[in-house]
Amino acid sequence: MELKETEGAHHCALSPTPFMLLNECSRLFGQRMRKYADDQGVPYGYRELLMHLAILKAHGKSGISQYELARMTRLSPPTVSSTLQKMERDGYITREPDESDARQMRVRLTGKGESIENSNHEKAHEIELTAYSGLTDTEKCELTQILKKIRDNLACGNDMSPTERSERQDNN
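Keep in mind that what you see is a predicted model, and the values were worked out from it rather than measured.

Scoring rules and cut-offs
Residues numbered from 1 in each chain as written. Predicted model: local features only at pLDDT ≥ 70, side-chain atom pairs only at ≥ 80, totals over all residues. Heavy atoms only, no water. Salt bridge = Lys/Arg side-chain N within 4 Å of Asp/Glu carboxyl O. Helix = DSSP H or I, 4+ residues; strand = E, 2+ residues; numbered from the N terminus. Buried < 20%, exposed > 50% of the residue type's maximum accessible area, 1.4 Å probe, protein only. Core = buried A, V, L, I, M, F, W, Y, C linked by side-chain atoms within 4.5 Å. Contact = heavy atoms within 4.5 Å. Patch = residues over 30% accessible without salt bridge, like charges linked within 9 Å, V, L, I, M, F, W, Y side chains within 5 Å. Areas by Shrake-Rupley, 256 points an atom, 1.4 Å probe, with all protein chains shown as cover. Pairing = 2+ DSSP bridges. Axes fitted to C-alpha atoms, helices over the stretch in contact; angles between N-to-C directions.

**Let's talk about the pattern of salt bridges**
Pairing between side chains of opposite charge can happen when the charged atoms of each approach one another.
Then, in step 1: This structure, assessed with the given rule, holds 12 salt bridges.
Then, in step 2: A salt bridge links Glu126 to Lys123, with the shortest nitrogen-to-oxygen separation between them at 2.9 Å. Placement of the pair is Glu126 and Lys123 together in helix H5 (residues 111–132), with a separation of three residues, close to one helical turn.
Then, in step 3: Overall, Glu126 belongs to the partly exposed group, its relative accessible area being 43%.
Then, in step 4: Owing to a relative accessible area of 21%, Lys123 belongs among the partly exposed residues under this scheme.

**Points about the nonpolar core**
In a soluble, globular protein the nonpolar side chains are often hidden away together inside.
Then, in step 1: Within the largest apolar cluster, 18 residues are counted, with the highest numbers of intra-cluster contacts made by Leu50, Leu53, Leu69, Leu84, Met87, Tyr92 and Ile93.
Then, in step 2: Where this core is concerned, the elements lending two or more residues are helix H2 (47–58), helix H3 (66–73), helix H4 (77–89) and strand S5 (105–109).
Then, in step 3: The greatest single-element share of this core, amounting to five residues, is contributed by H2.
Then, in step 4: Each residue touching Leu84, except ones within four places of it in the same chain, is listed here: Leu49, Gln66, Leu69, Ile93, Arg95 and Val107.

**What to know about a nonpolar patch on the surface**
Then, in step 1: Judged by side-chain polarity, Phe19, Leu22, Leu135, Leu143, Leu147 and Leu154 come together as a nonpolar surface patch covering roughly 520 Å² of accessible area.
Then, in step 2: If one sorts the elements of the nonpolar patch by residue count, helix H6 (residues 137–155) sits on top with three residues.
Then, in step 3: Its place among the elements puts Leu135 in the loop between H5 and H6.
Then, in step 4: Given a relative accessible area of 34%, Leu135 falls into the partly exposed group.

**Section: the sheet that holds S5**
Strand pairing in a sheet relies on backbone hydrogen bonds. The paired strands run either parallel or antiparallel.
Then, in step 1: Read across the sheet, three strands follow the order S3-S5-S4 without closing on themselves; strand pairing throughout is antiparallel. Pairing within the sheet leaves two strands with one partner each, and these edge strands are strand S3 (64–65) and strand S4 (93–97).
Then, in step 2: Contacts from H4 reach S4 and S5, with the element oriented near 110 degrees to S4.

So this is what it looks like as structure tokens:
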């Protein structure tokens, strides 16, 4: 396949762009996880919140405010609130007043929530192993580093040009 130069970037003619491939990989991963959630009888929308609560618990933090959870997951506070209500109803989390500030509610995983998240984690790992088949450890590491940079570029939430970002990083 021949390379074409377009505005300083190299693209393979008739080939998907890296972002098209990334989107397709994400969609395929999501489809497999959604099927697994459906088979378990757990709404797929719970996955993101369960995962973050389990990570926090693994790092010794047993509860988090709804606001902090919304910020961590980059989901809107109303979406988090609505989903947590359903998760609490289904027995996956509890919400209790914060000991130091009764106006704040602390969200915690229940044993049922932790069990489901452990199962989700194992399934996600199984799918990752399938996705990584044929890649060397070095390639996996490089892919992870590149994706972190892309995520950070997109998550910065401002309109700095790549040059401005580079200059800012060089000054730090």
